[in-house]
Amino acid sequence: MHVRITDYNEKWPQMFAEEALAISGILDGNLAAIYHIGSTAVPGLAAKPIIDIMPVVYDLKKVDKVRKKFVELGYEYMGEFGIPGRRYMRKGGDDRTHQVHIFERSDRENIVRHLAVRDYLTAHPQEAESYAALKRRLAALYPEDIGAYCDGKDAFVKALEEEALKWYSVPGDNR
């Protein structure tokens, strides 16, 4: 997969909203919430132009039962894909446009970490700019190697996630 980082696109929130509507129709009464996550959800942040969507469902087993509907919508249904308790899908092949990360409502750890990073970067523009600079640097170094690009971000992202979770957690909050 070609690694391409672009400036923030004002159309990303609308692209999320349109796809979220289609996904909501598939998940129907099983859907508890749906979130725009990842770099395209952070206003002003440069990113790979891939919309990350996180539906939260009541019953993950019911998601597998509607797998065919996601495939009909153009998604490649990948199962857990390395994260237990997740259903991952991607759309667009090598020119991926959307990724879906579905978690069951009881999986607070994965849900909160995604929201914490998104909200932390939104509230801390200097951190977002540091992240964007790293992504641009890595994309220039590894334009055809998504694995090396991701490996290059790993330490930064882990530290970012840790800081975001500290910032996001509120004593007594039972999210």
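This report concerns the structure included in the present document. None of these values were measured; they are calculated from a predicted model.

Comments concerning the overall build of the protein chain
Next up, step 1: When helices and strands are tallied, the protein chain shows six helices and five strands.
Next up, step 2: Relative to the globule expectation of 16 Å for 175 residues, the C-alpha radius of gyration of the protein chain, 16 Å, shows essentially globular dimensions.
Next up, step 3: If you line up the protein chain on its principal axes, its C-alpha atoms span 45 × 40 × 30 Å.
Next up, step 4: Within the protein chain, contacts between residues at least 6 apart in sequence are counted, and of these 62% link residues at least 24 apart.
Next up, step 5: Here the protein chain contributes 25 positive and 27 negative side-chain charges, whose respective centroids are spaced 3 Å apart.

Digging into the sheet that holds strand 4 (residues 86-91)
Note on sheets: strands pair through backbone hydrogen bonds, and any given pair is parallel or antiparallel.
Next up, step 1: Strand order in this open sheet of five strands is 1-2-5-4-3, and the pairing throughout is mixed. Two strands lie at the open edges of the sheet, namely strand 1 (31-37) and strand 3 (75-77), each paired on one side alone. Adjacent strand axes in the sheet meet at a mean angle of 20° when their direction is disregarded.
Next up, step 2: As judged from the five bridges shared by strand 2 (residues 51-57) and strand 5 (residues 98-104), these two strands associate in the parallel manner. Looking at the pairing, D52 lines up with Q99 of strand 5.
Next up, step 3: Lying on the sheet, helix 1 (residues 12-27) is in contact with strand 1, strand 2, strand 3, strand 4 and strand 5; it crosses strand 1 at an angle near 155°.
Next up, step 4: Along the sheet, helix 4 (residues 108-123) makes contact with strand 1, strand 2 and strand 5, crossing strand 1 at roughly 35°.

A word on the pairing of strand 4
Next up, step 1: Strand 4 sits mainly inside the fold: five of its six residues count as buried.
Next up, step 2: Here strand 3 pairs with strand 4 via three bridges, running antiparallel. Opposite Y77, over in strand 4, you have M89 as the bridge partner.
Next up, step 3: Joining the antiparallel neighbours strand 4 and strand 5 is a turn of six residues, in which G92 adopts a positive phi near 105°.

Notes on the packing of aromatic side chains
Next up, step 1: Scanning all chains against the criterion turns up six aromatic pairs.
Next up, step 2: Their ring planes at 80° and their centres at 6.3 Å tell us that F70 and Y75 sit as a pair that is edge-to-face. We note that F70, like Y75, is buried.
Next up, step 3: Ring centres of W167 and Y168 lie 6.3 Å apart, and the angle between their planes is 40°; on these two criteria the pair is classed as tilted.
Next up, step 4: By the ring-pair criterion, three or more aromatic residues cluster together here, those being Y120, W167 and Y168.

Some remarks on the environment of I34
Next up, step 1: Assignment of secondary structure puts I34 in strand 1.
Next up, step 2: I34 sits 68 residues away from I102 along the chain, and the two C-alpha atoms are 9.0 Å apart.
Next up, step 3: Excluding residues within four positions of it along the chain, I34 makes contact with F16, A20, I23, S24, I53, M54 and P55.

About the thresholds
- Per chain, the residues get numbers from 1 upward, laid out in the order the sequence is written.
- Only residues with pLDDT of 70 or above have their local features reported here, since the model is predicted, and side-chain atom pairs are shown and tallied only from 80 upward, although totals for entire chains, interfaces and linings are computed over all residues.
- For side-chain calculations, the full set of non-hydrogen atoms in the structure is used, while hydrogens and water are omitted.
- Note on conventions: DSSP H or I runs of at least 4 residues are helices, E runs of at least 2 residues are strands, and numbering of each starts at the N terminus.
- Radius of gyration: C-alpha atoms only; globule rule: 2.2 Å multiplied by the number of residues to the exponent 0.38.
- Any two residues whose heavy atoms approach within 4.5 Å are treated as being in contact.
- Charge assignment in this entry is limited to Lys and Arg as positive and Asp and Glu as negative, and neither His nor the chain termini are counted.
- By convention, charge coordinates are those of NZ in Lys, CZ in Arg, CG in Asp, or CD in Glu.
- The pairing criterion is simple: DSSP has to find at least two bridges between the two strands.
- Convention adopted: a line fitted to C-alpha atoms gives each axis, helices being fitted over their contacting stretch, and angles between N-to-C directions are expressed from 0 to 180 degrees.
- The rule is simple: take the accessible area with a 1.4 Å probe, protein chains only, and divide by the maximum for that residue type; under 20% is buried, over 50% is exposed, in between is partly exposed.
- Centre distance within 6.5 Å is the pairing criterion for rings of Phe, Tyr and Trp, where only the six-membered ring of Trp is used; planes under 30 degrees apart are then read as stacked, over 60 as edge-to-face, and the remainder as tilted.

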